[in-house]
Amino acid sequence: MAKILCVLYDDPADGFPPSPARDDIPTIDRYPDGQSAPTPEAVDFHPGELLGSVSGELGLRRFLEQQGHELVVTSDKEGDHSVFQRELPDADVVISQPFWPAYLTAELISRAPRLKLAITAGIGSDHVDLEAAVDNGITVAEATYSNSISVAEHAVMQILALVRDYLPAHRIVTDDRGWNIADAARRSYDLEGMSVGVMAAGRIGIAVLRRLAPFDVALHYTDKNRLPTEVEEELNLVFHEDVHSLAPAVDVLSIHAPLHPETKGLFDDELIGSMKRGSYLVNTARAAICDRDAVVRALESGRLAGYAGDVWHPQPPPTDHPWRDMPHHGMTPHVSGTTLSAQARYAAATREILENWLSGTPIRDEYLIVDQGRLAGSGSRSYTT
Ligand SMILES: NC(=O)c1ccc[n+]([C@@H]2O[C@H](COP(=O)([O-])OP(=O)(O)OC[C@H]3O[C@@H](n4cnc5c(N)ncnc54)[C@H](O)[C@@H]3O)[C@@H](O)[C@H]2O)c1
């Protein structure tokens, strides 16, 4: 029998909601590239419920316990005495979410001799030391595509919020109880006619490009895997060989690459300094792709007119993290990929992966990041160790 250790974020501060705000959510059978939505044999939850917090348990308890497996769910993840680190040494499976990541470092992996499977309930497995997973024969799998559109919508929202300076205007109404139109207009522009670029046009990046096309903007992108010519022509995309060519060419840049050795710290003083004065940078990918203090400096100097995103390092960030107080930012907590709509999909994908693993049947190739001692599936396309 297997021990499954699941690290989830805390319930809402005022308790687990007795009912969701809406009775149902749209059913998505297929993702934009034709990949089918998760196909577990069954689920023990109602889509639209809060599943990603501790009491939601990703809807897994009945399924696992009926088969005699042990499920431990906790939000307590930091330090030697945390429930996560105390339960890890005899765990067979760890499930974690990027929103509240249980950092599976090489050192922790060395203390978990039974660990065979690390599931990311969401997308982005950089909280797992992939090299250590390769070396220790651990399979890493994630819920590919489950929240890609969720994140794309968030990025588009934040691009518009920055360019139009939405949040300060909202605060004039709620906090100041005021009506100074000039205060609201002094940094507010139209997106129309601007150049917008994405760094990485994978599942999220292409969805951002598609959603922005009707805004009559010039679309640019870079990716180490170039898109098919017909997609470039359809969206009238300008391709850049690398981010150093993309950054100075656009007014707005949205980051959608995974965090791995090629992308860590990429947006430093030099790269951000090559952008036009008054550019906007949105990062819903991973915080460590940007140099934390270079972002603050660029907002203070006016090189960046705005920065937004939902990803921080570490997570949760300390209360004095400089991104909480820097000027002209539109940051949210790491929430874009954990809408209730996304939760239904990644909870179902997590169940599907567990069903496969527990019955010894293959996990879908597109869910795999590391398998059999090497990068595999989606991981071999998007990551480097
Ligand atoms: N904020 C959130 O809630 C949230 C949710 C999901 C995913 N994400 C992040 O977004 C990332 C992308 O997700 P996705 O579903 O689009 O993944 P994806 O695998 O579909 O796309 C990743 C793309 O990045 C490209 N790429 C990788 N390294 C690159 C490099 N050095 N230069 C240029 N391009 C590079 C790949 O070729 C690929 O096209 C994830 O890895 C994750 O870190 C965040």
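Think of each chain on its own: its residues are numbered from 1, step by step along the sequence as written. Only residues with pLDDT of 70 or above have their local features reported here, since the model is predicted, and side-chain atom pairs are shown and tallied only from 80 upward, although totals for entire chains, interfaces and linings are computed over all residues. Heavy atoms from the whole structure form the basis of all side-chain values; hydrogens and water molecules are not counted.

The name given to the chain in an unreviewed UniProt entry is Formate dehydrogenase, with Actinoalloteichus hoggarensis as the source organism. Listed under Function (unreviewed entry) in UniProt, the entry text for the chain is "Catalyzes the NAD(+)-dependent oxidation of formate to carbon dioxide. Formate oxidation is the final step in the methanol oxidation pathway in methylotrophic microorganisms. Has a role in the detoxification of exogenous formate in non-methylotrophic organisms." UniProt positions are given in the numbering used here, feature names are shortened, and annotations may be inferred rather than shown by experiment. Under Subunit (unreviewed entry), UniProt gives the following word-for-word description of the chain: "Homodimer."

1. Things to note about the domain arrangement of the chain
The split into domains, and so the bounds of each, comes from an automatic or database assignment of domains. For the chain, the assigned domains are domain 1 (3–146 + 338–376) and domain 2 (148–324). Each of domain 1 and domain 2 has a C-alpha centre, and the two are 28 Å apart. Here, residues are in contact when the closest pair of their heavy atoms is within 4.5 Å. Taken together, the 18 residues of domain 1 in the interface contact ten residues of domain 2. The quantity reported as buried area is the accessible area (1.4 Å probe) lost by two parts once they are put together, taken as the sum for both. For the pair domain 1 and domain 2, the two sides together bury roughly 1100 Å², of which 50% comes from carbon and sulfur. Per-residue buried area on domain 1 facing domain 2 is highest for Tyr103, Asp126 and Tyr145; these three make up 44% of the total on that side. Salt bridge criterion: a side-chain nitrogen from Lys or Arg within 4 Å of a carboxyl oxygen from Asp or Glu. If you look at where domain 1 meets domain 2, you find one salt bridge. With a shortest N-O distance of 2.7 Å, aspartate 126 and arginine 286 are connected by a salt bridge. For this analysis, a polar contact is any N or O atom pair within 3.5 Å, provided that within protein one partner can donate a hydrogen and the other can accept it, and provided that sequence-adjacent residues contribute only side-chain to side-chain pairs. At the junction of domain 1 and domain 2, the tally comes to eight residue pairs in polar contact (both at pLDDT 80 or more). As a working rule, the residues Ala, Val, Leu, Ile, Met, Phe, Trp, Tyr, Cys and Pro are called nonpolar, Asp, Glu, Lys and Arg charged, and the rest polar, with Gly in that last group. Partitioning the side of domain 1 that touches domain 2 into residue classes produces nine nonpolar, five polar and four charged.

2. Focus: the nonpolar core
The tendency in soluble globular proteins is for nonpolar side chains to be buried as a group. Put simply, a nonpolar core is a bunch of buried Ala, Val, Leu, Ile, Met, Phe, Trp, Tyr and Cys residues held in one set by side-chain atoms that sit within 4.5 Å of each other. Exposed residues in this analysis have more than 50% of their type's maximum accessible area, buried residues have under 20%, and partly exposed residues fall in between, with area computed by a 1.4 Å probe over protein chains only. Counting 61 residues, the largest nonpolar core has Leu58, Phe84, Ile95, Leu104 and Leu354 as its most contacted members. A run of H or I in DSSP counts as a helix once it spans at least four residues, and a run of E counts as a strand once it spans at least two, with each numbered from the N terminus. Here this core takes eight residues from helix α13 (residues 340–359), the largest share from any one element. If near-sequence neighbours (up to four positions away) are discounted, leucine 354 is found in contact with Ile4, Leu60, Phe63, Leu64, Val93, Ile95 and Ile119.

3. A short note on the UniProt feature "site: Important for catalytic activity" (unreviewed entry) in the chain
Mapped onto the present numbering, the UniProt feature "site: Important for catalytic activity" (unreviewed entry) falls at Arg286 and His334. Their sequence span is 49 residues, while the largest C-alpha to C-alpha distance among them is just 9.8 Å; these annotated residues converge on one region. Here arginine 286 is to be found in the loop between β10 (279–283) and α12 (292–301). Its relative accessible area of 12% is what places arginine 286 among the buried residues. A distance of 3.4 Å separates a polar side-chain atom of arginine 286 from the backbone oxygen of glycine 124. Checked against the element boundaries, histidine 334 lands in the loop between β11 (304–309) and α13. Each residue touching histidine 334, except ones within four places of it in the same chain, is listed here: Pro98, Phe99, Arg286, Asp310, Val311 and Gln315.

4. What to know about the UniProt feature "binding site: substrate" (unreviewed entry) in the chain
In the numbering used here, UniProt assigns the "binding site: substrate" (unreviewed entry) feature to Ile123 and Asn147. Spanning 25 residues, the named residues form one tight spatial group whose C-alpha atoms are at most 7.2 Å apart. Inspection of the secondary structure assignment puts isoleucine 123 in the loop between β4 (117–120) and α4 (130–135). With a relative accessible area of 23%, isoleucine 123 lands in the partly exposed category. By the element assignment, asparagine 147 lies in the loop between β5 (139–142) and α5 (148–164).

5. Notes on the sheet that holds strand β8 (residues 237–239)
The strand order across the open sheet built from six strands is β8-β7-β6-β9-β10-β11, with neighbouring strands paired in parallel fashion. Each edge of the open sheet is held by one strand with a lone partner, namely β8 and β11. For this sheet, the mean inter-axis angle between neighbouring strands, taken without regard to orientation, is 20°. Note on geometry: axes are lines fitted to C-alpha atoms, helical ones only across the stretch in contact, with angles between N-to-C directions running from 0 to 180 degrees. Relative to β10, α5 is tilted by about 150°, and along the sheet it contacts β9 (252–255), β10 and β11. For two strands to pair, DSSP has to find at least two bridges joining them.

6. Looking at the site of the ligand
For this description, a residue counts as near a given molecule or strand if any of its non-hydrogen atoms is within 4 Å of it. Surrounding the ligand, one finds 30 residues, the nearest of these being Ile204, Asp223, Asn225, Glu262 and Ser382. Between asparagine 225 and the ligand, the recorded distance is 2.8 Å, taken from a side-chain N or O atom to an oxygen atom. In this structure, an oxygen atom belonging to the ligand sits 2.7 Å away from a side-chain N or O atom of serine 382. Computed with a 1.4 Å probe, the accessible areas rest on the Shrake-Rupley method; for each residue, only the protein chains presented here act as cover. Burial of the ligand by the protein amounts to 94% of the accessible area it has alone, namely 860 Å². Of all the secondary-structure elements, those providing two or more residues to the shell around the ligand are α5, α8 (203–212) and α14 (377–382).

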